[in-house]
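Descriptive structure summary
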Amino acid sequence: MTTAGRAAAAGESQYPSADSTADFVRNIATVRSRIAAAAARAGRSASEVRLLPVSKTVPEDRIRLAVQAGCRTFGENKVQEAKRKHGNLAGLDVSWSVIGHLQTNKAKDVAEFAGEFQALDSLRVAEALDRRLQSAGRGLDVFVQVNTSAEDSKYGIPPQELPGFLAQLPRYTAVRVRGLMTLATFSSDTDDVRACFALLRTLRDRARGENPDFVGPAELSMGMSGDYETAIEEGATVVRVGQAIFGARTLPDSYYWPGSDGRQESGP
Ligand SMILES: *Cc1c(COP(=O)(O)O)cnc(C)c1O
């Protein structure tokens, strides 16, 4: 785990809250310099890594401050929350990335407002999305979520089923596969976390070797506030960072991932 992650596990409030544009500028600058350092350690360029700010639970007035600080895309775990914010902030030039598990009955909403969907984990959802997208006359960038931790509580395609899953997706022509996404294990052991990221990279490399058309640009969305530096060292091209930008969340992670209570709760 990173220093930040360990501090979180120890219950320290190392994620400073952001209540002004200047606070956001500062938090984002800190994250970006850590991204740059992690990329440098891996012999990569920081420009290969997209920072996706995750604004779940953050009220709209504070999201406006983040927009003033330069954020243009926000990640949201829950469709309903994302849809509400999309509607209320429609005047701003921002797009919404849905990063949490989707039920088929919400596919219509995602097809209407989302700029990206990062948690595709079933053919039923792919089919439902494609149907809605076709009738809306648009396409959507998606990431296939892979369960790299073998934890039952995690959503995602099991690694051994990934090749077969990817091979089915070309028939859903409005669903544009951009790459793979994962959540690492809820462990305080850096080696365990790193192994999840390394597995996603290996699966990506294998899929690309088998048929490059099935994984598109073959991006890797992995890493959050507690582990994004490790993820970048293992090849992440997208990091999804909430608390390190917006401040510690008080809502426990188990609200988003049933069964994840063991992970660091970093409330103040
Ligand atoms: C909340 C969330 C994140 C960001 O977590 P932080 O600890 O706030 O950085 C990343 N990915 C997903 C899927 C999430 O739901």
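Just above, that's the structure.
Here the structure is a predicted model, which means the values were calculated and not measured. (Residues numbered from 1 in each chain as written. Predicted model: local features only at pLDDT ≥ 70, side-chain atom pairs only at ≥ 80, totals over all residues. Heavy atoms only, no water.)

1. Re the site of the ligand
Not every one of the twelve residues close to the ligand is listed here, only the nearest: Lys56, Asn77, Ser225, Gly242 and Arg249. With respect to the ligand, the side chain of serine 225 contributes an N or O atom lying 2.5 Å from an oxygen atom. In the environment of the ligand, an oxygen atom lies 2.7 Å from a nitrogen or oxygen atom belonging to the side chain of arginine 249. Here the ligand loses 98% of its free accessible area of 380 Å² to cover by the protein chains. (Near = heavy atom within 4 Å. Polar contact = N/O pair within 3.5 Å; in protein donor to acceptor, adjacent residues only side chain to side chain. Areas by Shrake-Rupley, 256 points an atom, 1.4 Å probe, with all protein chains shown as cover.)

2. Regarding the pairing of strand β8 (residues 238-241)
Side chains Val238 and Arg240 project from β8 onto one buried face, and the interleaved Val239 and Val241 project onto a second face that is buried too. Sheet analysis places strand β1 (residues 50-53) next to β8, joined by four bridges and oriented parallel. Residue pairing for β8: leucine 51 is matched across the bridge by valine 239. (Buried < 20%, exposed > 50% of the residue type's maximum accessible area, 1.4 Å probe, protein only. Helix = DSSP H or I, 4+ residues; strand = E, 2+ residues; numbered from the N terminus. Pairing = 2+ DSSP bridges.)

3. Section: the pattern of salt bridges
Pairing of side chains with opposite charge becomes possible as their charged atoms draw close. All chains considered together, the criterion is met by 18 salt bridges. Two residues, arginine 62 and aspartate 19, come together in a salt bridge whose shortest N-O distance is 3.6 Å. Here arginine 62, found in helix α3 (residues 60-68), pairs with aspartate 19, found in the loop between α1 (3-9) and α2 (21-41); they are 43 residues apart in sequence, far enough to count as distant. Exposure remark for arginine 62: the relative accessible area of 17% places this residue in the buried category. For glutamate 127, the salt bridge identified is with arginine 131, shortest N-O distance 3.7 Å. Taken as a pair, glutamate 127 and arginine 131 lie in helix α6 (residues 123-136) at a separation of four residues, close to a single helical turn. Judged by relative accessible area, glutamate 127 falls into the partly exposed class, the value being 36%. Assessed through its relative accessible area of 47%, arginine 131 is described here as partly exposed. The network of salt bridges with common partners includes Arg41, Arg194, Arg201, Glu233 and Glu234. (Salt bridge = Lys/Arg side-chain N within 4 Å of Asp/Glu carboxyl O.)

4. Some words on the packing of α3 against helix α4 (residues 79-88)
Remark: α3 packs on α4, axes separated minimally by 11 Å, with the N-to-C direction vectors making an angle of 65°. Comparing their axes, α4 and α3 come out roughly perpendicular. Considering only the axes of α3 and α4, their crossing is right-handed. Contact residues: Glu60, Ile63 and Arg64 in α3; Arg84, Lys85 and Asn88 in α4. When its residues are assigned to classes, the contact of α3 with α4 shows one nonpolar, one polar and four charged. (Axes fitted to C-alpha atoms, helices over the stretch in contact; angles between N-to-C directions. Parallel < 35°, antiparallel > 145°, perpendicular 65-115°, else oblique. Left-handed = near helix turned anticlockwise from the far one by under 90°. Contact = heavy atoms within 4.5 Å. Nonpolar A, V, L, I, M, F, W, Y, C, P; charged D, E, K, R; others polar.)

Read these as geometric descriptors, not functional statements.
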